[in-house]
Amino acid sequence: MKTKNTIYFLFFALMLIACGDKENERNIDEILENNNKEEIQQLKEELYAEQRKVTTDLERVNEKLLAFEDKSKYSLVEAEQVEKSNFKHYIKVQGNVTTDENLLIYPEFTGVLTNIYIQEGDRVKKGQLLARIDDGGMQNQLQELRAQRELVKTRFERQERLWDENIGSEIQFLEAKTGFEQIDNSVKQMQQQLAKAEIRAPFDGVVDEVITDRGQVVMQNQNALFRVVNLRNMYIEANVPETYVGKIDKDTESIVNLRALETSFEAKVDRVSSFIEDSNRNFRVRVSVPDSIEYVKPNLIATLQLNDYTNNEAIKVSENVLQETATGEFFVFKLEKQEDNVAKAVYQKVIPGRNYQGKIEILEGLQAGDFIVTEGARTLKRDEKVRIANTNK
């Protein structure tokens, strides 16, 4: 009996709706036939109001129906909320450790290397005596010249006093003066020549190598004697392609890796060359090595990461989140209408920028606050409903 009453009720309701619809159609037709602008405008507003109400009611009905759906059938995904953050991109180049104070010392005097006063590994100070070359009797010659100079000097001083007292001729005074100046210059020249027989350190550093043994005859500017290296004030020099002109400059941030020493450090570019090499279209950069880092040696290989781009308000995603279509279009799945850990995965086209250390800058397509699928996106279809396992902010 209850079922029969329900059927009668539904039939009666449908008849009323049908009658109402026919009545509305007649009213609409009448208003349109009257051709009154104000009535037609009012009708339009009433229809829009009915449409909005129906749309609202449908949303409420859909939300209620969702509660009856089996959510366990939805794909399970992980998501994160994207935010603006700092993004830095680096280029990688290879360089070598070097120093301006890495010098092979050559003799400026020809003779027998009679004495060596240092050993390999010794630290030396600038000007310290390293070795001595036999002067071949020049020291005795110098003593004789000095004695002669004293005699000539005495004669000159005596002639000078007489000239001051207007005694004697001017020619006598000038001859005495010229004679003294000539022998004085000879003494100075011989002293300079003898000084070349002494090998001294050109700067503070370490004796890296003793090349010539004591007792060997060495020739001026031909036989290398020692290598002296200053292990402080060292720097890394590297070549950078010309395409980065204007992006890599003085004070550019860099990360330096000395793989052989298993050491890394941060530094800034000290110097950038002012020209580009014709042979390789590169320009040189220089980064100083802190003195605190031990065991650094010239020609040690170094890897430089140079910061060529920075965006402090970048939208970035992990590279494994980004997907690409067969036509080369990049996209992610953005979550919309989240409720009770259920959302719709919407296909969202994006334009990627630079990529660094697994992160990709998104130039277009995402905004701060958007939620995107990070795990489980590979098998999703457009507008598919998903369950969210967790959301990382």
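Scroll up for the structure.
Computed from a predicted model, the values in this text were never measured in an experiment. (Residues numbered from 1 in each chain as written. Predicted model: local features only at pLDDT ≥ 70, side-chain atom pairs only at ≥ 80, totals over all residues. Heavy atoms only, no water.)

## Some thoughts on the overall build of the protein
Piece 1. Helices and strands together make up the secondary structure of the protein, namely four helices and 21 strands.
Piece 2. Relative to its full complement of 393 residues, the protein shows a buried share of 30%.
Piece 3. When contacts within the protein are restricted to residue pairs at least 6 apart in sequence, those whose partners lie at least 24 apart make up 73%.
Piece 4. Counting only carbon and sulfur atoms, one obtains 46% of the accessible surface of the protein, whose full area is about 26,200 Å². (Helix = DSSP H or I, 4+ residues; strand = E, 2+ residues; numbered from the N terminus. Buried < 20%, exposed > 50% of the residue type's maximum accessible area, 1.4 Å probe, protein only. Contact = heavy atoms within 4.5 Å. Areas by Shrake-Rupley, 256 points an atom, 1.4 Å probe, with all protein chains shown as cover.)

## Some words on the pattern of salt bridges
Piece 1. Inspection of the entire model under this criterion finds twelve salt bridges.
Piece 2. Arg 281 is the partner of Asp 278 in a salt bridge, and the nearest nitrogen-oxygen pair spans 3.6 Å.
Piece 3. Classification of Asp 278 as exposed rests on a relative accessible area of 69%.
Piece 4. Members of the salt-bridge network, linked through shared partners, are Arg 132, Glu 198 and Arg 200. (Salt bridge = Lys/Arg side-chain N within 4 Å of Asp/Glu carboxyl O.)

## Considerations on the nonpolar core
Piece 1. The biggest cluster of nonpolar side chains holds 24 residues, and the ones touching the most others in it are Val 124, Leu 130, Ile 133, Ile 199 and Phe 226.
Piece 2. Looking at this core, the elements that each hand over two or more residues are strand S6 (129-133), helix H3 (138-164), helix H4 (170-195) and strand S10 (226-229).
Piece 3. The element that contributes the greatest number of residues to this core is H4, accounting for four residues.
Piece 4. Setting aside its immediate chain neighbours within four residues, Ile 133 contacts Pro 107, Phe 109, Thr 110, Gly 111, Val 112, Leu 113, Thr 114, Ala 197, Ile 199 and Val 218.
Piece 5. Ranked by size, the runner-up nonpolar core spans 23 residues in total, among them Ala 238, Ile 248, Leu 258 and Leu 306. (Core = buried A, V, L, I, M, F, W, Y, C linked by side-chain atoms within 4.5 Å.)

## Some details on H3
Piece 1. Between its first and last C-alpha atoms H3 spans 38 Å; for 27 residues at 1.5 Å apiece the expected length is 39 Å, and the two agree.
Piece 2. Met 138, Leu 142, Leu 145, Arg 149, Phe 156 and Gln 159 are the residues of H3 that are buried. (Expected span 1.5 Å × (residues − 1).)

## Quick word on the sheet that holds strand S8 (residues 205-210)
Piece 1. Sheet architecture is open: four strands sit in the order S3-S10-S8-S5, paired in antiparallel fashion. On the outer flanks of this sheet lie strand S3 (102-105) and strand S5 (123-124), each paired with one strand and no other.
Piece 2. The pairing of S8 with S10 spans four bridges and is classified as antiparallel. Along S10, the bridge assignment pairs Glu 209 with Arg 227. (Pairing = 2+ DSSP bridges.)

## Here's the deal with a nonpolar patch on the surface
Piece 1. Together, Val 112, Val 217 and Met 219 make up an exposed nonpolar region whose accessible area comes to about 220 Å².
Piece 2. With respect to the helices, strands and loops of the structure, Val 112 is situated in strand S4 (residues 111-116). (Patch = residues over 30% accessible without salt bridge, like charges linked within 9 Å, V, L, I, M, F, W, Y side chains within 5 Å.)

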